[in-house]
Amino acid sequence: MDVNTTSKYNSSLKGGIAGAVVGAASGAMLYQLTRATLLPLRGNTTFSQKRDYIKDMQKTCSSHNIEMKGTTVSRTIKNSLKTLRKPSVIASGLLLATGIGTALGACIDMIKLKKQNDKNK
């Protein structure tokens, strides 16, 4: 029996859409987490609280071998936010996530098609 080789499964399309959604959500989450890092520097904090927070951040950065000489924690975070807002960074994240989702969906389609072919032999 000859089997129609055109896949009636659309997992690759669904995977691509799901990948784009996951990529957009993770990008937004990363942006908000980076933005939340600045929260202790805002509000009704005293100067000493801000200074302590910045010292803690500088210790954390130095323990991870991140050079903080000539810059401030606030400026570093703001530069990170600028980078995360760049259209090229957003597009590359979305394309990568969409590509991974499409590839996974295509693999699922191939497995389903192979099972169908094996069943019809």
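Residues numbered from 1 in each chain as written. Predicted model: local features only at pLDDT ≥ 70, side-chain atom pairs only at ≥ 80, totals over all residues. Heavy atoms only, no water.

Trainee: Explanation requested: the overall build of the protein in the structure shown.
Mentor: Helix and strand counts for the protein stand at four helices and zero strands. Start at the N end of the protein and walk to the C end: the helices and strands fall as α-α-α-α. Burial statistics for the protein: of 121 residues in total, 18% are counted as buried. Once local pairs closer than 6 in sequence are excluded, the contacts in the protein between residues at least 24 apart make up 76%. With an accessible surface of roughly 9,000 Å², the protein has 64% of that area assigned to carbon and sulfur atoms. (Helix = DSSP H or I, 4+ residues; strand = E, 2+ residues; numbered from the N terminus. Buried < 20%, exposed > 50% of the residue type's maximum accessible area, 1.4 Å probe, protein only. Contact = heavy atoms within 4.5 Å. Areas by Shrake-Rupley, 256 points an atom, 1.4 Å probe, with all protein chains shown as cover.)

Trainee: What is the right way to look at the side chain of Thr 34 in this model?
Mentor: Mapping Thr 34 onto the fold places it in helix H1 (residues 11-36). Only 2.8 Å separates the side chain of Thr 34 from the backbone oxygen of Leu 30, close enough to count as a polar contact. Those residues within four positions of Thr 34 in sequence are excluded, and the remaining contacts are Ile 77, Ser 80, Leu 81 and Leu 84. (Polar contact = N/O pair within 3.5 Å; in protein donor to acceptor, adjacent residues only side chain to side chain.)

Trainee: Would you explain a positive patch on the surface in this entry?
Mentor: Taken together, the side chains of Arg 35, Arg 42, Lys 78, Lys 82 and Arg 85 make up a positively charged region of the molecular surface. With three residues, the single largest contributor to the positive patch is helix H3 (residues 73-85). Mapped onto the elements of the fold, Arg 85 is located in helix H3. Using a relative accessible area of 46% as the deciding quantity, one classes Arg 85 as partly exposed. (Patch = residues over 30% accessible without salt bridge, like charges linked within 9 Å, V, L, I, M, F, W, Y side chains within 5 Å. Salt bridge = Lys/Arg side-chain N within 4 Å of Asp/Glu carboxyl O. Lys, Arg positive; Asp, Glu negative; His and termini not counted. Charge placed at Lys NZ, Arg CZ, Asp CG, Glu CD.)

Trainee: Help me understand helix H4 (residues 87-120) in this model?
Mentor: For an α-helix, the turn length of 3.6 residues means that residues three or four places apart are oriented alike. With 34 residues, H4 should reach 50 Å at 1.5 Å per residue; the first-to-last C-alpha distance of 48 Å fits that figure. For H4, the set of buried residues is Ala 97, Gly 101, Gly 105, Asp 109 and Leu 113. (Expected span 1.5 Å × (residues − 1).)

Trainee: Quick question: what am I supposed to make of the nonpolar core here?
Mentor: Inside soluble globular proteins, nonpolar side chains tend to come together where they are buried. Core analysis: the biggest nonpolar cluster contains seven residues, these being Tyr 31, Leu 38, Leu 41, Tyr 53, Met 57, Ile 77 and Leu 81. For this core, the elements supplying multiple residues, two or more each, are helix H2 (47-63) and H3. Not counting residues within four places of it along the chain, the set of residues in contact with Leu 81 comprises Tyr 31, Thr 34, Arg 35 and Leu 38. (Core = buried A, V, L, I, M, F, W, Y, C linked by side-chain atoms within 4.5 Å.)

Keep in mind these values describe shape, not function.
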